[in-house]
Amino acid sequence: MKPVISKISSLLLGTTIATTALLAADVELSKVMKDRGLSEIDVIRAAKTYNPSGVKDEFVVFSSGGQSGQVIVYGVPSMRILKYIGVFTPEPWQGYGYDKDSLEVLRQGNIRGKEINWGDTHHPALSEKDGKYDGKWLAINDKANPRIAIIDLEDFETKQIVPNPVFKSNHGGAFFTPNSEYIIEASQYGAPYDNNYHPIEDYKETYRGGVTMWKFDDKIGRIMPKDSFTIEMPPYNQDLSDAGKGESYGWGFTNSFNTEMYTGGIEVGMPPNEAGMSRNDTDFLHVYNWQKLAEVAKDPKNVKIINDHKIIPMDIAVKNEALFLIPEPKSPHGVDVSPDGKYLIVCGKLDTHASVYDFKKIKEQIDKKEYIGKDPYGIPILDMKKSLHGQAELGLGPLHTQFSPVDGEVYTSLYVDSQVVKWNYKNLKVLDKVNVHYNIGHLAGMEGKSADPQGKYIIALNKLSIDRFQNVGPLHPQNHQLIDISGKSMDLLVDMPLPLGEPHQAVSIRASKLHPKVRYDMGTNTKTGEQHIGKTLAGQERIERNGNHVTIYSTLVRSHINPERITVNKGDKVTLYMTNLERAQDETHGFTINDYNLHTSLEPGETSTFEFTADLEGVFPYYCTEFCSALHLEMMGYLMVKDPNKKYESAQKLKMQTMSPEQLKAEYDKTVSVNTATDAVIQSVVKFLKDNKFGDHKAVADLVTDALDQYGKIPAQKKLSDEAVKAGDMEKAILYENMIWQLMVKTADVGIRAKDTLVKLIATKQSAEAARGEKTFAEGGCNGCHVIGKVSSGPDLTGVLQRHENGEKWVTNFILDPEKMYTDPYVKGMIDFFNLKMPNQHMSEKETKDIIEYLKWVEENANLF
Ligand code: CUK
Ligand code: CUA
């Protein structure tokens, strides 16, 4: 093949790809539907959840990660996973549990000195202001090892873990009170508060349930254990809880099962727990005035201290008229307070009804001291009938309820029926049901448990996925299903497999309410939010030795770690502080030292710590674990551990060939001239940015700051280069010139991003047609040959409509049928020049019209390209 032909054919091959893309875009929708076996309703459902590349979701969901001990973050309606947050479980990608600072957070979760490296997360909760989500903090409970964790929504990292000092398991947590004053944590299985052995025969006397009210400081986002207290409760297995709001503000509600106080004993011939714990027709809803009890707890006479923690005994709570019981149907599971706080919906999983309690009716009985009796512990019992607004027959196994913006309209999960039922809790009418697959537990509405529910979607959090997905072995993924509730009847849109633990509960929030940061203040200890003691700025890198304790202050920035060699003695105690000096968004560096089981993730501005004993002798490469830049692989160094009791012979130095002084000088000159040329490009970008007042646009100004950050490092390198030249060390000078080039490339990289962003911001507004045209231009592969503002493999199209007489028509004809114009003298000249023919991209007339509109827009803004 002649070289020219081969060039054309390779170019044509290139355009074949473009044409294929175009064709694909052009294929009739019906063909795709036929090929994939999709019905019209499938396509509509797909369109309702599809996010084109770059388009973001309306809602963000925080889902319990179940037995993974994590929290999962995803978007709605796309159901795309955005993040896993390490909470009770180490998570190496985030460095969580593998560097000293995050390990300190994880170890706050030690119980009785035992390290615990997992959790059974059930209920995430968003912090509230007036019962509405404020997007600041997320709390979640660990049922297995009773703990509550706090996650900061500025960086989606776990900041605090608080073990419950008296419970042996929990379930009814975490729930924020309406102004985030407290976080509610109810126990689950009755157990002694102390850590001693108590025979099961003494269950009723020495085992207890309870509700811990964790005082929360919403400014700093931390639980204050010293200001917190536990309300002692009978050893009925307390279950889910909710905080009153509006009308019921100041009150808490927790339901229970096993008011039988049955303790099993299959092994001694007793019926199993499942029988004994569900014998009674009713269990108890616990109603308590936490606001009053918070005052009560302030008087030391009113509290018992166990494990350094305040307990309000039941009789004190009763005496203060702050603890009551109301019968509720058999083995209930959810208690959900309505957005206005006037009603409580309780579903008994062994009852087909949902029971709607009217808080006003409850309060009336309390005010009148009208009780139907007392439980064995002396707690007043209110009349169930008198407390009820009514009951609705929903189906088998009703569990949890979510609210909607429509007055009275709610959605309840039916575990046994595997359905979601839409009903009205005011008139108690069932409105609609939809099947889910299978065994739904919780369901998540959009802000569906706040004072401000948004409606639109419900997510069914299913326990089993059985046949929904490819078989990946006996352990199946979990299944989250998105349901559209915007219409009269519910419509199940899509399944999302989730390969992480059981999705007990999820909470969602409008994405617009979250304001996470993109970088930290330089030298932040992200676990405390404070300046890190190991904060190290450029030029402060050093290695300090104090006896056998070696402290290294290091920095990371594209694409090197400083220092690059660390030598210590075997047995030395090593503290390594690392600071990521980057200011650029998403410029994370990971860091590890091989064989030492250490890893950290350093987000821009973050400082973190490794602390270890250098107990292995040898040479240990350390490196950046995140592909952060073109020279990422070079971002490394060596930890060398010497045995002080050994003698090391130095190896024979190999005689290396070296360049002649003339060759070195030539290479130096070449490097310098490349740098000069690169700098000219940078200067032209800088001029463009200045001419167009980049400072008026924050997003661009941020990028420019990043770029100048890199550029500002050049003079120091230049000085070193010049010194080397003066000293006659050309080799070193070349290396420094190379470093300058690296810095220039990084500057240019960010600078051009800034320029592109600025162009988009200051250009005249694109019409819908022009925007479509730009997309068609890109997706149709036109940009494979034509780069706006540049001559590329095809001519620059800036001004193309002016170049020809009747330009619009000329270009339209050319796009629609280029072959016809190959003999046109102008076109022929272009074909000869570029050695390439404009291919027929099979654009429709409408697409062509859009492209013309786009080209007009380009022309309007020609000065910007
Ligand atoms: S729980 Cu799992 S379905 Cu822990 Cu809230 Cu109800
Ligand atoms: Cu930093 Cu790779």
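Residues numbered from 1 in each chain as written. Chains lettered and ligands numbered in written order. Predicted model: local features only at pLDDT ≥ 70, side-chain atom pairs only at ≥ 80, totals over all residues. Heavy atoms only, no water.

1. Describing helix α15 (residues 768-779)
Look at α15: 16 Å from first C-alpha to last across 12 residues, which is about the 16 Å you get at 1.5 Å a residue. Among the residues of α15, Ala770, Gly773, Thr776 and Phe777 are the ones counted as buried. Buried residues of α15, seen end-on, are gathered within an arc of 120° and therefore sit on one face of the element. Residues of α15 that are buried sit in contact with α19 (845-860). Of the residues one or two after α15, glycine 781 is the one with positive phi, at around 85°. (Helix = DSSP H or I, 4+ residues; strand = E, 2+ residues; numbered from the N terminus. Expected span 1.5 Å × (residues − 1). Buried < 20%, exposed > 50% of the residue type's maximum accessible area, 1.4 Å probe, protein only. Arc of directions from axis to C-beta. Contact = heavy atoms within 4.5 Å.)

2. Details of the pairing of strand β28 (residues 429-435)
As defined by bridge partners, strand β27 (residues 419-424) adjoins β28 across 6 bridges and the pair is classed as antiparallel. Looking at β28, one finds that glutamine 419 is bridged to asparagine 435. (Pairing = 2+ DSSP bridges.)

3. Description of the UniProt feature "domain: Cytochrome c" (unreviewed entry) in the chain
The feature "domain: Cytochrome c" (unreviewed entry), as given by UniProt, occupies residues 768-859 in the numbering adopted here. From the first C-alpha to the last, residues 768-859 spans 16 Å; its make-up is 55% helix and 0% strand. (UniProt positions renumbered as here; feature names shortened; annotations may be inferred.)

4. Details of the packing of helix α17 (residues 807-816) against α19
Relative to each other, α17 and α19 sit at 135°, their axes nearing to 10 Å. On the basis of their axis angle, the class for α17 and α19 is oblique. Classified by chirality, the crossing of α19 by α17 is right-handed. Contacts from Glu808, Val811, Thr812, Ile815 and Leu816 of α17 reach α19 at Glu845, Thr848, Ile851, Ile852, Leu855 and Lys856. Class assignment of the residues belonging to the contact of α17 with α19 gives a composition of 6 nonpolar, 2 polar and 3 charged. (Axes fitted to C-alpha atoms, helices over the stretch in contact; angles between N-to-C directions. Parallel < 35°, antiparallel > 145°, perpendicular 65-115°, else oblique. Left-handed = near helix turned anticlockwise from the far one by under 90°. Nonpolar A, V, L, I, M, F, W, Y, C, P; charged D, E, K, R; others polar.)

5. Here's the deal with the pattern of salt bridges
According to the stated counting rule, one finds 45 salt bridges in the structure shown. When the shortest N-O distance is used, the salt bridge between glutamate 582 and arginine 558 registers 2.6 Å. A residue pair is termed long-range when its members are at least 10 positions apart, and glutamate 582 in the loop between β40 (573-580) and β41 (589-593) and arginine 558 in the loop between β37 (549-557) and β38 (560-562) qualify at 24 residues. For the pair formed by glutamate 582 and arginine 558, the shared burial category is buried. One salt bridge connects aspartate 832 with lysine 828, and the closest N-O pair in it is separated by 3.7 Å. In this pair, aspartate 832 and lysine 828 are both assigned in helix α18 (residues 825-834), 4 residues apart and thus about one turn of the helix distant. A cluster of three or more residues bridged by salt bridges with shared partners is formed by Glu447, Asp452, Arg510 and Lys513. (Salt bridge = Lys/Arg side-chain N within 4 Å of Asp/Glu carboxyl O.)

6. Section: the sheet that holds strand β33 (residues 506-510)
One open sheet accounts for 4 strands, arranged β3-β2-β1-β33; its pairing is antiparallel. Both outer strands of the open sheet, β3 (81-86) and β33, are each paired with one neighbouring strand and no more. Strand-to-strand twist of the sheet, defined as the mean angle between neighbouring strand axes without regard to direction, takes the value 20°. For strand β1 (residues 59-64) and β33, the ladder comprises 5 bridges, and the chain directions are antiparallel. Counterpart to serine 63 in the pairing with β33 is alanine 506.

7. Digging into unusual backbone geometry
Among all residues save glycine, negative phi is the norm, and among peptide bonds the norm is trans. At the junction of valine 76 and proline 77, the peptide bond is cis and its omega measures out at 15° in the coordinates. Here proline 77 shows up in the loop between β2 (70-76) and β3. Of note, the bond from glycine 173 into alanine 174 is cis; its omega dihedral lies within 30 degrees of zero at 5°. Assignment of secondary structure puts alanine 174 in strand β8 (residues 170-176). The phi torsion at aspartate 130 lies on the positive side, around 50°, for a residue other than glycine. Relative to the assigned elements, aspartate 130 resides in the loop between β4 (121-129) and β5 (132-142). Even without being glycine, phenylalanine 156 reaches a positive phi, approximately 55°. For phenylalanine 156, the location among the structural elements is in the loop between β6 (147-152) and β7 (157-163).

8. So, the packing of aromatic side chains
Tallying each qualifying case throughout the model produces 27 aromatic pairs. Look at tyrosine 249 and tryptophan 290: their rings are 5.7 Å apart centre to centre, the planes differ by 75°, and that puts the pair in the edge-to-face class. Residue tyrosine 249 is located in the loop between β13 (237-243) and β14 (251-257), and its partner tryptophan 290 is located in helix α7 (residues 290-296); the two are separated by 41 residues in the primary sequence. Look at tryptophan 290 and you get buried, because its relative accessible area is 2%. Relative to tyrosine 854, the ring of phenylalanine 777 has its centre 5.4 Å away and its plane inclined at 55°; by these criteria the two rings are tilted. Of this pair, phenylalanine 777 sits in helix α15 while tyrosine 854 sits in helix α19; the two residues are 77 residues apart in sequence, bridging distant segments of the chain. For the pair formed by phenylalanine 777 and tyrosine 854, the shared burial category is buried. Taken together, the ring pairs in this structure connect Trp251, Phe253, Phe324, Phe359 and Tyr371 into an aromatic cluster. (Phe/Tyr/Trp six-rings, centres within 6.5 Å; stacked < 30°, edge-to-face > 60°.)

9. Comments concerning the sheet that holds β27
The strand order across the open sheet built from 4 strands is β25-β26-β27-β28, with neighbouring strands paired in antiparallel fashion. Every interior strand has two partners, whereas the edge strands, β25 (398-403) and β28, have only one. Strand after strand, the sheet turns through a mean of 25° between neighbouring axes, direction not considered. Relative to strand β26 (residues 409-414), β25 runs antiparallel, the two sharing 4 bridges. Bridge pairing in β26 places proline 398 opposite leucine 414.

10. Some points on the site of ligand 1
Taken together, His122, His123, His171, Leu240, His333, His400, Gly441, His442, Lys463 and His504 make up the full set of residues adjacent to ligand 1. Contributing elements (two or more residues each) for the shell around ligand 1: β4 and β29 (440-446). Looking at the shell around ligand 1 residue by residue, the class counts come to 1 nonpolar, 8 polar and 1 charged. (Near = heavy atom within 4 Å.)

11. Regarding empty space enclosed by the protein
In this structure the tally under the stated criterion is 4 cavities of 30 Å³ or more. Estimated volume of the largest cavity: approximately 160 Å³. Lining the largest cavity are 14 residues, with Glu128, Tyr133, Phe175, Asp242 and Lys449 positioned closest to its centre. Contributions of two or more residues to the lining of the largest cavity are made by β4, β8 and β13. In terms of residue count, β4 provides more of the lining of the largest cavity than any other element does, 4 residues in total. Considering only residue class, the lining of the largest cavity consists of 9 nonpolar, 1 polar and 4 charged. Roughly 70 Å³ of volume is contained in the second largest cavity. (1 Å grid on protein atoms, 1.4 Å probe; cavity = no way out; pocket = protein on both sides within 12 Å on 5 of 7 lines; lining within 4 Å. Points joined across faces, edges and corners; volume = space filled by probe spheres on them.)

12. Some remarks on the state of the cysteines
Considering all chains together, one arrives at 0 disulfides under this definition. Residue cysteine 785 stays outside any disulfide, its sulfur separated by 8.9 Å from that of cysteine 782, the closest cysteine. (Disulfide = S-S within 2.5 Å.)

13. Examining the packing of helix α13 (residues 714-726) against helix α14 (residues 730-762)
For the pair α13 and α14, the least separation of the axes is 8 Å and the interaxial angle reads 165°. Classified by the angle between their axes, α13 and α14 sit roughly antiparallel to one another. Of the two elements, α13 crosses α14, and the hand of that crossing is left-handed. For the pair α13 and α14, the contacting residues are Ile714, Gln717, Lys718, Leu720, Ser721, Ala724 and Val725 in the first and Met730, Lys732, Ala733, Tyr736, Glu737, Met739, Ile740, Leu743 and Met744 in the second. Along the lines of polarity and charge, the residues of the contact of α13 with α14 split into 11 nonpolar, 2 polar and 3 charged.

14. Here we look at α17
Given 3.6 residues to a turn, an α-helix orients residues that are three or four positions apart in the same direction. All of the buried residues in α17 are Gly807, Trp810, Val811, Phe814 and Ile815. All buried residues of α17 lie within an arc of 125° about the axis, which places them on one face of the element. Elements in contact with the buried residues of α17: α16 (800-803), α18 and α19.

15. Quick look at the nonpolar core
Among the nonpolar cores identified, the biggest contains 35 residues, and Leu689, Phe777, Val811, Val827 and Leu855 are the most heavily contacted of them. With 6 residues, α19 is the largest single contributor of residues to this core. Not counting the four nearest positions on each side in its chain, valine 811 is found in contact with Val800, Leu801, Ile852 and Leu855. Residues Val211, Met261, Ala297 and Ala317 belong to the second largest nonpolar core, which totals 34 residues. (Core = buried A, V, L, I, M, F, W, Y, C linked by side-chain atoms within 4.5 Å.)

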